[in-house]
Protein chains: 2
Amino acid sequence: MGKGGQPRVLLVEDEPAQRTVLAYNLEAEGFAVTQADNGEDAMVLVDEEEPDIIILDWMMPKVSGIEVCRRLKMRPDTRGIPIIMLSARAEEVDRIRGLETGADDYVVKPYSVLELMARARAQLRRVRPSTAGVVLEHEDIRLDPESHRVYRADKVLKLGPTEFKLLVTLMERPGRVFSREQLLDLVWGRDIYVDTRTVDVHVGRLRKSLMQHGGSDPVRTVRGAGYSLG
Amino acid sequence: MGKGGQPRVLLVEDEPAQRTVLAYNLEAEGFAVTQADNGEDAMVLVDEEEPDIIILDWMMPKVSGIEVCRRLKMRPDTRGIPIIMLSARAEEVDRIRGLETGADDYVVKPYSVLELMARARAQLRRVRPSTAGVVLEHEDIRLDPESHRVYRADKVLKLGPTEFKLLVTLMERPGRVFSREQLLDLVWGRDIYVDTRTVDVHVGRLRKSLMQHGGSDPVRTVRGAGYSLG
DNA sequence: AGCCTATGCGACGATTGTGTAACAGTCGAA
DNA sequence: TTCGACTGTTACACAATCGTCGCATAGGCT
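Parameters and conventions
Residues numbered from 1 in each chain as written. Chains lettered and ligands numbered in written order. Predicted model: local features only at pLDDT ≥ 70, side-chain atom pairs only at ≥ 80, totals over all residues. Heavy atoms only, no water. Buried < 20%, exposed > 50% of the residue type's maximum accessible area, 1.4 Å probe, protein only. Helix = DSSP H or I, 4+ residues; strand = E, 2+ residues; numbered from the N terminus. Pairing = 2+ DSSP bridges. Arc of directions from axis to C-beta. Contact = heavy atoms within 4.5 Å. Polar contact = N/O pair within 3.5 Å; in protein donor to acceptor, adjacent residues only side chain to side chain. Near = heavy atom within 4 Å. Nonpolar A, V, L, I, M, F, W, Y, C, P; charged D, E, K, R; others polar.

Caption draft 1: Representation of the pairing of strand β11 (residues 226-229) of chain B in the model. All names here are of chain B. The alternating pattern of β11 places Gly-226 and Ser-228 and Tyr-227 and Leu-229 on opposite faces, both of which are buried. Here strand β10 (residues 219-222) runs beside β11; their pairing, made up of 4 bridges, is antiparallel. Note that in β11 the partner of Val-219 across the bridge is Leu-229. Counting the residues that bridge the hairpin from β10 to β11 gives 3 residues, and of these Gly-224 lies at a positive phi of roughly 80°.

Right, dumping it as structure tokens:
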């Protein structure tokens, strides 16, 4: 996942009608969709877009789906990306071969769109090992991602969802200065159109939340550059 | 159990990417993990490490998972170790054969990591009834999985099946925030397609049931994230 | 100093997430 | 069969939170 927002899916399907329907539904479900209609483009887009998951048609001109799958599963940097293969019923015999090639799941046409979504989400959940278990600490601030709780000097703080994500981001690299654009990317999500000034406001809110029981301001403003923790 | 409280798990999976993700998560969940990428090593490590539980991939080079399972269940000294088999969807037909071979549970890929953890804990609890863990407790709520009964302040509560499963899930990790998707996975099951809002409704019902004799609301809503106990 | 830009902050409607009641469908027991 | 318990979905209301604006203030230049 881009860190913050929509999961990115690369949809590779040569049949335009099917691709469009699928893309529409995926977007309605909150995915950021990149489309390709052949295997060659797909290989390029994998590098450019760094998708979180790939939905791949089996039969395609030029480079077939299974070939794309095989190549991606051989590269160490792309191996981790889950791949869901789509296949027409007639090709069902090749099912085993598909999974052997490294596909993570397999959906036979005609499929239920709901089912495909559910499987896509399942894959994302499987691969993304949540930041669980790691308690972030900085000075007297303690953040537990698992329980979604933030403490300062052993007092529980109350923060909104965006403030929480913002704090997680800052605490993952204390001292590092994040530009407003970077924060928008990391906290809000990649392609979301929001004024960069909004970051200021939320930093302000985060500050207030962090100091709700007293204490000094742990957030540093770097004029002309951005913000950092400490 | 291992000496220091951590349950030891032997993880046998030949695909490095999957093994790594799983190991990471298991360790984050408090397991002591030993890894093997083939059946032969697995057999040796069973003796050397004396794991409390084994997670075993079905398909593997050399000695297959099912073969490892069969051998271990024949030896009197290893028969008692619970084995959870992992299998790709295409091999689902072999399910019966897997359980016949003696596997104690069976998880189909793609699985939710959370679910796998939950099942592993369930197996450990089953094998080790003497150890505290049979009866789940949190504050004044007591849940006895054996008798399927829930008490609060020594009064018996009446809950429906789904409410019960939901409460079990939450009580297995008090404080941890579960997203609606995770709860759907853990309580309803992975290939059931149900609206996430349904979770809200059942949480509401659980709340009412838990407070039917008075008392405060033990379920915490984490806006934008999910629910947790306490 | 004066000027210009970047930032802090309060206030405002708009949006989103959640709680809950109501409803219809399913299932099993009597 | 009829009954009752339970389910998943929907609709509505309310509250939390959001993004933007306006203006005040602070910082960095010449």
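Caption draft 2: Just unusual backbone geometry, in detail. The backbone of His-148 of chain A shows a phi angle near 60°, a positive value even though the residue is not glycine. With respect to the secondary-structure elements, His-148 of chain A resides in the loop between β7 (141-144) and β8 (149-152). A positive phi angle is found at Glu-139 of chain B, which is not glycine, with a value near 50°. Secondary-structure assignment places Glu-139 of chain B in the loop between β6 (136-138) and β7 (141-144).

Caption draft 3: Broad picture of helix α7 (residues 180-188) of chain A. Residue and element names in this part refer to chain A. Those residues of α7 that sit buried are Arg-180, Leu-183, Leu-184, Val-187 and Trp-188. Down the axis of α7, the smallest arc covering the buried residues is 105°, so these residues share one side. Buried residues along α7 sit against α6 (161-172), α8 (197-210) and β11 (226-229). Directly after α7, the chain includes Gly-189, whose backbone phi takes a positive value near 120°.

Caption draft 4: How the structure looks around helix α2 (residues 39-49) of chain B. Residue and element names in this part refer to chain B. Within the sequence span of α2, burial applies to Gly-39, Ala-42, Met-43, Leu-45 and Val-46. The elements touched by buried residues of α2 are β1 (8-12), β2 (32-36), β3 (53-57) and α3 (65-74). Where α2 starts, the residue carrying a side-chain oxygen 2.9 Å from the main-chain nitrogen of Glu-40 turns out to be Asn-38. Count one or two residues on from α2 and you reach Glu-50, which has phi positive near 45°.

Caption draft 5: Main features of the protein's contact with DNA strand C. Looking at DNA strand C, there are 19 residues lining it, with Arg-180, Thr-221 and Tyr-227 of chain A together with Thr-221 and Tyr-227 of chain B nearest. Of what DNA strand C places within 4 Å of the protein, 51% of the atoms are sugar or phosphate. At a separation of 2.8 Å, a phosphate oxygen of DNA strand C approaches a polar side-chain atom of Tyr-227 of chain A. In terms of residue count, the dominant contributor to the surface near DNA strand C is helix α8 (residues 197-210) of chain B (4 residues). Among the residues forming the surface near DNA strand C, the class breakdown is 5 nonpolar, 4 polar and 10 charged.

Caption draft 6: Inspection of the protein's contact with DNA strand D at higher detail. Near DNA strand D, the surroundings consist of 22 residues, among which Thr-162, Thr-198 and His-202 of chain A together with Thr-162 and Thr-198 of chain B are the closest. Here, DNA strand D places atoms within 4 Å of the protein, and 68% of those atoms are sugar or phosphate. Side-chain polar atom of Trp-188 of chain A to a phosphate oxygen of DNA strand D: 2.7 Å apart, as the coordinates give it. One nitrogen or oxygen atom from the side chain of Arg-205 of chain B is found 2.7 Å from a base oxygen belonging to DNA strand D. Contributions of two or more residues to the surface near DNA strand D are made by α6 and α8 of chain A together with α6 (161-172) and α8 of chain B. Taken together, the residues that form the surface near DNA strand D break down as 8 nonpolar, 6 polar and 8 charged.

As far as function goes, none of this settles anything; it's purely spatial.
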